[in-house]
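Summary of the model geometry
Residues per chain, in single letters:
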Amino acid sequence: MSNISDLIERYLKELLAASARGMIEIRRNELAEQFNCVPSQINYVLATRFTIEHGFLVESRRGGGGYVRIVRLPRDEKLESISELLSLVGKEISQRRAQGIIERLWEEKLITDREYRMMRAAVDREVLRVGLPARDQLRALILRAMILSLLGKKGE
């Protein structure tokens, strides 16, 4: 059974898919009422599942019911170059952000299902058993190497 976050995410993605403009505007409080949850649950879903790494832009305004605009970035703006993707990774990266980038690569069919599973396993905190900040730095090095190996040239 799906949890409330999964249901909210699925609902918002369905709205986006049905939108001719690739953009939706919602009211945070109305959505919370619809799913019988608190508005902070909506904030959590937006902050973790609708990030730039996942290919979304979210504009939020507090007050007056809290309107939220979610924009699905067009493909040609998402991954213009390997160097842009590597700059998203940076010198250190959290597990959540790394998994978001990997999911985005998979959703855009830039990596296979098998590569998706392997990459997620390689950046998992249970595998990278070192303390912070070294773990996030190691994760970034591994993710950068995998991206370059799968999508780019070693010289980039």
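In this report, we go over the structure that sits alongside the text. (Residues numbered from 1 in each chain as written. Predicted model: local features only at pLDDT ≥ 70, side-chain atom pairs only at ≥ 80, totals over all residues. Heavy atoms only, no water.)

Here the focus is the overall build of the protein. The number of helices and strands found in the protein is 8 helices and 3 strands. Counting from the amino terminus, the protein carries its helices and strands in the arrangement α-β-α-α-β-β-α-α-α-α-α. The buried share of the protein, taken over its 156 residues, is 40%. Here the analysis covers contacts within the protein between residues at least 6 apart in sequence; of these, 59% occur between residues at least 24 apart. For the protein, the exposed surface amounts to about 9200 Å²; the carbon and sulfur share of it is 52%. (Helix = DSSP H or I, 4+ residues; strand = E, 2+ residues; numbered from the N terminus. Buried < 20%, exposed > 50% of the residue type's maximum accessible area, 1.4 Å probe, protein only. Contact = heavy atoms within 4.5 Å. Areas by Shrake-Rupley, 256 points an atom, 1.4 Å probe, with all protein chains shown as cover.)

What follows covers the sheet that holds strand β1 (residues 23-27). Pairing is antiparallel across the open sheet formed by 3 strands, whose spatial order is β1-β3-β2. Of all strands in the sheet, those bounded by a partner on one side alone are β1 and β2 (56-60). Each strand of the sheet is rotated relative to its neighbour by a mean of 15°, with strand direction disregarded. As defined by bridge partners, β1 adjoins strand β3 (residues 67-72) across 5 bridges and the pair is classed as antiparallel. Residue pairing in the sheet places isoleucine 24 in a bridge with isoleucine 70 of β3. (Pairing = 2+ DSSP bridges. Axes fitted to C-alpha atoms, helices over the stretch in contact; angles between N-to-C directions.)

Assignment of secondary structure puts serine 40 in helix α3 (residues 39-49). Among the residues examined, serine 40 registers a relative accessible area of 46% and is labelled partly exposed. Residues serine 40 and asparagine 29 lie 11 residues apart in sequence; the distance between their C-alpha atoms is 9.4 Å.

To continue, consider the side chain of threonine 48. Residue placement: threonine 48 occurs in helix α3. Looking at threonine 48, the relative accessible area reads 10%, which means it is buried. Here the side chain of threonine 48 touches tyrosine 44 through a polar contact of 2.8 Å, landing on its backbone oxygen. If near-sequence neighbours (up to four positions away) are discounted, threonine 48 is found in contact with His54 and Arg96. (Polar contact = N/O pair within 3.5 Å; in protein donor to acceptor, adjacent residues only side chain to side chain.)

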